[in-house]
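# Per-entry structural report
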Amino acid sequence: MKEILVITNSLYPDLNANSNIAYEIAKFLKESYNCDVTVMGYRDNMFNYAGNKNAVNIIEVKGISSINSIVKKCKQKGKMKLLLHPMAVLFVILRLLEREGEFKKILYKKEIEKSIGKQNYDCIVAFSEPTYVLEALSEVDCNIPYISYKLDPWSSHYLRNTNKNELKKELKSDEKASAIVITKAMENWVKTNGKKLNKKTYAFELPCVTEHAIGNKYEAFDDKKINCVFAGGLYKDIRNPRYMIELFKLINSDKIILHIFGNLYHGLTMPENLPQNIIYHGNVDSEKSISIMQSADVLVNLGNTISNQMPSKVLTYISLGKPILNIVKIENCPSIEYLKEYPYAISVFENRRIDQGIISKIEDFCITMKGKGLPYEYIKEKYKECTLDYVGQELYAIIKKISK
């Protein structure tokens, strides 16, 4: 039985897209290969902790959760409270100086060193984004083989692609890693830009096509309406919802409702006085999010403004078999390829002027697609390389190879 340490950022139940993938892979390795799997990360204290997801071992990185909690509580009580709490002030200063990652890296490095001193791991699988996870591991003095699993780009990330220091950090991590896993979107970007992959690099699809147990119907939805759902993070830059909101503002049918679930990042704020057919619900935990998406009539995907990051949400949507309205921000958006042969999907391009033809197209799609769905067996076969089974098997083959 192999002992494996999986390192990610947030722990259950506050799972973002990347940490959810880490958890699912940890569960797969445990259930399929009887591995003894430990997941390391931190809790963001946004939701009540209600158990140990997938019954994997947990190591909590101390310090980050408590500071995040302090900052959030201070914000709720007002900015003056934020200024009066020394730990909150420290964290805000670190964020302003863009040194927050350095602080978290130190805490992760300390926890990794402590864990490998107690446990005889056969292999470590470290997930990023965020990159401080991989950076911390690359600075730990140990002989345990590890996989650098990059779910998002590092030095070619849109926020860091002009920072030469980030490239040095990535090269150092790549050199020390026993194997590197990247996404297909990153592989395509590397080839398009005339670069070469590291010889120990493997490119996998995001393992987000998986069968979900039917949850309770989301009671806030009116069954007489056509409930369209966007579920995911929204950003001021790469995934701005402005065009999506403008589209639904112009919808003529009062039966079509857009429900928006998720966090707002990078200073993004939701417009005030949204029309009655657009409702922003705020953030929900990952399990409730699946139940909400299962209850939707149409799922709305919002693409990124960059081509080397594939939103995992697209594959989650596909796995649910629901009709998908795909709003595309760039001509080479990775989502186009995945939805090209999906029977219940249409794409709308943001660079096209909104006119009555586009509005009518969306209305007709929403009305005719209500109640339709694809069986999971069909999806599993069509998107085989995006399933957890496929990616999990490929990853375990690498684990066996490097941990002999």
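What comes next concerns the included structure. As a convention, each chain's residues are numbered from 1 in the sequence order in which they are written. Per-residue local features are limited, in this predicted model, to residues with pLDDT of at least 70; the limit for side-chain atom pairs, both in listing and counting, is 80 or more; totals at the level of whole chains, interfaces and linings are taken over all residues. Water and hydrogen atoms were dropped before computing side-chain values, which therefore reflect all heavy atoms in the structure.

To continue, consider the overall build of the protein. Strands are runs of DSSP state E lasting at least 2 residues, helices are runs of H or I lasting at least 4, and numbering of each runs from the N terminus. Across its full length, the protein carries 15 helices and 15 strands. Note on definitions: a residue-residue contact is assigned when non-hydrogen atoms from the two residues lie within 4.5 Å. Within the protein, contacts between residues at least 6 apart in sequence are counted, and of these 68% link residues at least 24 apart. With an accessible surface of roughly 19500 Å², the protein has 49% of that area assigned to carbon and sulfur atoms. All accessibility values rest on the Shrake-Rupley procedure with a 1.4 Å probe; residue burial counts only the protein chains present in the view.

If you want to describe how two helices pack, look at the angle between their axes and the distance between the axes. Helix axes are fitted to C-alpha atoms over the stretch in contact, other axes to C-alpha atoms as well, and angles between N-to-C directions run from 0 to 180 degrees. Running from amino to carboxyl end, helix α1 (residues 17-33) crosses helix α15 (residues 388-402) at an angle of 75 degrees, the nearest separation of the two axes being 10 Å. Judged by the inter-axis angle, α1 sits roughly perpendicular to α15. Across the interface between the two elements, E24, I25, F28, L29 and Y33 from α1 touch L388, D389, G392, Q393, L395, Y396 and I399 from α15. Classification convention: Asp, Glu, Lys, Arg as charged; Ala, Val, Leu, Ile, Met, Phe, Trp, Tyr, Cys, Pro as nonpolar; all other residues, Gly among them, as polar. A breakdown of the residues in the contact of α1 with α15 according to their chemical character gives eight nonpolar, two polar and two charged. An angle below 35 degrees is read as roughly parallel, one above 145 as roughly antiparallel, one from 65 to 115 as roughly perpendicular, and any other as oblique.

Turning to the sheet that holds strand β1 (residues 3-10), a few remarks are in order. Taken in spatial order, the seven strands line up as β3-β2-β1-β4-β5-β6-β7 in an open sheet, and their pairing is parallel. The open sheet has two edge strands with one neighbour each: β3 (57-60) and β7 (201-204). In this sheet, adjacent strand axes meet at a mean angle of 20 degrees when their direction is disregarded. The pairing of strand β4 (residues 123-128) with strand β5 (residues 146-150) spans five bridges and is classified as parallel. Of the residues in β5, the one forming a bridge with S128 is K150. Running at roughly 140 degrees to β5, helix α7 (residues 164-176) makes contact with β5 and β6 (179-183) of the sheet. Strands β5, β6 and β7 of the sheet are contacted by helix α8 (residues 184-192), whose axis makes an angle of about 90 degrees with β6. Strand pairing follows a simple DSSP-based rule, namely that at least 2 bridges must link the two strands.

This part covers α8. Using a 1.4 Å probe on the protein chains alone, a residue whose accessible area is under 20% of its type maximum counts as buried, one over 50% counts as exposed, and one in between counts as partly exposed. Where α8 is concerned, the buried positions are A185, M186, E187 and V190. Structurally, α8 contributes buried residues whose contacts are with β5, β6, β7 and α12 (334-339).

Glancing now at the nonpolar core. Put simply, buried Ala, Val, Leu, Ile, Met, Phe, Trp, Tyr and Cys residues joined by side-chain atoms within 4.5 Å make one nonpolar core. In this structure, Y149, F248, I318 and L325 are the most contacted members of the largest nonpolar core, which totals 91 residues. Looking at which element gives the most residues to this core, the answer is α1, with seven residues. Grouped together as the second largest cluster of nonpolar side chains are 29 residues, V61, L107, I180 and A203 included.

Relative to the elements of secondary structure, S128 occurs in strand β4. Here S128 falls in the buried class, since its relative accessible area comes to 1%. Those residues in contact with S128 that sit more than four places away from it in its chain are N18, L134, Y149, K150, L151 and D152.

So, on to α1. Residue count minus one, scaled by 1.5 Å, sets the expected span of a helix. Between its terminal C-alpha atoms α1 stretches 24 Å, which fits the 24 Å expected from 17 residues at 1.5 Å a residue. If you check which residues of α1 are buried, you get N18, S19, I21, A22, Y23, E24, I25, A26, F28 and L29. Distance and chemistry together define a polar contact, namely a pair of N or O atoms within 3.5 Å, with one atom able to donate a hydrogen and the other to accept it when in protein, and with adjacent residues in sequence counting only for side-chain atoms on both sides. The N-cap residue of α1 is N16: its side-chain oxygen and the backbone nitrogen of N18 are 3.2 Å apart.

The next point concerns the sheet that holds strand β13 (residues 298-302). To summarise the sheet geometry, strands pair through backbone hydrogen bonds and adopt either a parallel or an antiparallel arrangement. Strand order in this open sheet of six strands is β12-β10-β8-β13-β14-β15, and the pairing throughout is parallel. Each edge of the sheet is formed by a strand with only one pairing partner; in this case those strands are β12 (278-282) and β15 (345-349). Across the sheet, the mean angle from the axis of one strand to that of its neighbour is 25 degrees, orientation sign disregarded. Examined bridge by bridge, strand β8 (residues 226-231) and strand β10 (residues 256-261) share six bridges and lie parallel to one another. Residue pairing in the sheet places C228 in a bridge with L258 of β10. The strands that helix α9 (residues 242-249) touches are β8, β10, β12, β13, β14 (324-328) and β15; relative to β10, the one it contacts most, it runs at about 155 degrees. Along the sheet, helix α10 (residues 286-295) makes contact with β8, β10 and β13, crossing β8 at roughly 150 degrees.

On to the packing of aromatic side chains, then. Any two of the Phe, Tyr and Trp rings considered here, Trp counted by its six-membered ring, make a pair once their centres fall within 6.5 Å; the pair's planes then place it as stacked at under 30 degrees, edge-to-face at over 60, or tilted in between. Applying the stated criterion across every chain, the model contains seven aromatic pairs. Aromatic pair Y218 and F221: ring centres 4.9 Å apart, planes at 75 degrees, arrangement edge-to-face. For the pair Y218 and F221, one class covers both residues: buried. Each ring, one from Y218 and one from F261, has its centre 5.8 Å from the other, and the planes form 80 degrees; the classification is edge-to-face. Residue Y218 is found in the loop between β7 and β8, and its partner F261 is found in strand β10; the two are separated by 43 residues along the sequence. The burial state of Y218 is the same as that of F261; both residues are buried. One aromatic cluster is present, built from ring pairs that chain together F28, Y33 and Y396. Lying over the aromatic face of F349, R352 brings its terminal NZ or CZ to 4.7 Å of the ring centre. Think of it as a cone above the ring: NZ of Lys or CZ of Arg counts as a charge over the ring if it is within 6 Å of the ring centre and within 35 degrees of the ring normal.

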